[in-house]
Amino acid sequence: MELDSLTSARSIRQPITSNHDIKNAFDMITYQKGGAVLSMFERWMGAENFRDGIRLYLQRHQGGTATSSDLLAALDQTSASEVTPPFLSFLTQPGVPLLVSDGDTPCESGARRVSMAQERYLPIGSTGSPEATWQIPLCIRHANGATCDLLRDARDEIELPGCPAWWMPNDRGAGYFRFSMSRGDWTALRTKGFATLSDAGKQAVADSLYAGFAGGLLEVEDLLPWFSRFVASPLRQVASGPMSALRFMMVEASSPQTQPKIRAYAGRLYRPRYRRLGWRAKQGESSDTKLLRGTVVEFMVMDVRDRKARARA
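Predicted model, so just to flag it, every value in this text is computed and none were measured. (Residues numbered from 1 in each chain as written. Predicted model: local features only at pLDDT ≥ 70, side-chain atom pairs only at ≥ 80, totals over all residues. Heavy atoms only, no water.)

Even after reading the chapter, I still don't get the overall build of the protein, so can you show me in this structure?
The number of helices and strands found in the protein is 14 helices and 8 strands. The C-alpha extent of the protein, read off along each of the three principal axes, is 65 × 55 × 45 Å. Buried positions account for 45% of the 313 residues belonging to the protein. Sequence separation of at least 24 residues holds for 60% of the intrachain contacts in the protein that already meet a minimum separation of 6. Carbon and sulfur atoms form 50% of the exposed surface of the protein, whose accessible area is close to 16300 Å². Mean positive and mean negative side-chain charge positions of the protein (39 and 33 charges, respectively) differ by 13 Å. (Helix = DSSP H or I, 4+ residues; strand = E, 2+ residues; numbered from the N terminus. Buried < 20%, exposed > 50% of the residue type's maximum accessible area, 1.4 Å probe, protein only. Contact = heavy atoms within 4.5 Å. Areas by Shrake-Rupley, 256 points an atom, 1.4 Å probe, with all protein chains shown as cover. Lys, Arg positive; Asp, Glu negative; His and termini not counted. Charge placed at Lys NZ, Arg CZ, Asp CG, Glu CD.)

Below, the structure is given as structure tokens:
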């Protein structure tokens, strides 16, 4: 997504007119974005329907050649909804969709209607145009379960039954998009819903928060309350996530007089995790724990400049 948010990003599907185009067509956009888009449609269609579509595609073209249109035709046949138009919106244009909710929505007639607008996500300072739309398969996780739909237009609404106290647009982190919510919705998600999300869902929340801060959509006072929850997470990717934002605050966004205060704050955040991890691997611990130890130790020594950590180093 970081690469795909640049104005120089290319689409997954590129026209091949020379041998050079073949070499240029295989990179992170092809493999990682391509895989993410496939996962998104598998989640939306249902794993069984998606698998049936892939089997049909392989049976039809066994021993021969095929095109992306052939794949989409097979998926269309096994899906309850048409796959080709929304899939092509991701296949043929670059960029990361950004879903922006209008704000706190009142409960009416036993349901909450969430209004969302979409645009292209761009980092702050980018000269690119945010005017782009996709047809986005969307599964919202909320206090009462999950609600799935397809966002077809630049602005759309989804009805959440039972007026849930919290909601999160990207269930299981399966959707290839980022999202921005009102301060009230972010707070409700942090205090009531975050702990119930899947691991991938938690990573999607963290990514959208950092992207919102990097894009100028989220104020620092709305980001900081998440950090203690992130640092304590058993997920390495979530636990190490605040480091990048803290480095930016320490090095680039603060005066020399303020930097020691931010380092002290970062130290208070990570010191309990640093002490629990220690400096030496423990028998039976996971590879993720070993990787996190190295990351936390380096952060405490090099960025926080903790005196005890430096003495130990």
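Honestly, the pattern of salt bridges in this entry has me stumped. Any pointers?
Side-chain pairs of opposite charge can arise where the charged atoms are in close proximity. The full count for this structure, using the stated rule, is 16 salt bridges. One salt bridge connects Asp288 with Arg236, and the closest N-O pair in it is separated by 3.1 Å. In this pair, Asp288 sits in helix H13 (residues 287-304) while Arg236 sits in helix H10 (residues 236-239), placing the two residues 52 residues apart along the sequence. A residue is classified by how much of its surface remains accessible, and Asp288, at 33% relative accessible area, is partly exposed. The exposure class assigned to Arg236 is partly exposed, which follows from its relative accessible area of 24%. Each of Arg43, Arg141, Asp171 and Arg172 takes part in a single network of salt bridges with overlapping partners. (Salt bridge = Lys/Arg side-chain N within 4 Å of Asp/Glu carboxyl O.)

When you look at empty space enclosed by the protein in this model, what are you seeing that I'm missing?
With a probe scaled to a water molecule rolled over the atoms, the places where space remains empty come into view. Using the criterion set out here, one finds 1 cavity of 30 Å³ or more in the structure. What the largest cavity holds in volume is close to 70 Å³. Listing elements by their share of the lining of the largest cavity, those giving two or more residues are helix H2 (28-45) and strand S4 (136-142). Each residue belonging to the lining of the largest cavity can be placed in one class, and the counts come to 8 nonpolar, 2 polar and 2 charged. (1 Å grid on protein atoms, 1.4 Å probe; cavity = no way out; pocket = protein on both sides within 12 Å on 5 of 7 lines; lining within 4 Å. Points joined across faces, edges and corners; volume = space filled by probe spheres on them. Nonpolar A, V, L, I, M, F, W, Y, C, P; charged D, E, K, R; others polar.)

Sorry, what's going on with the state of the cysteines here?
A covalent bond between the sulfur atoms of two cysteines is what we call a disulfide. Under the definition given, this model contains 2 disulfides. Across the disulfide from Cys107 sits Cys163; the S-S distance is 1.6 Å. When the S-S torsion is 65°, as for the bridge of Cys107 with Cys163, the disulfide is right-handed. Note that Cys107 is positioned in strand S2 (residues 107-108) and Cys163 in the loop between strand S6 (155-161) and strand S7 (167-168), a separation of 56 residues in sequence. By relative accessible area, Cys163 is classed as partly exposed at 22%. The disulfide that involves Cys139 links it to Cys148, with 2.1 Å between the sulfurs. One disulfide, between Cys139 and Cys148, carries an S-S torsion of 110° and so falls in the right-handed class. By relative accessible area, which is 7% here, Cys139 ends up buried. Relative accessible area serves as the criterion here: at 41%, Cys148 is assigned to the partly exposed category. (Disulfide = S-S within 2.5 Å.)

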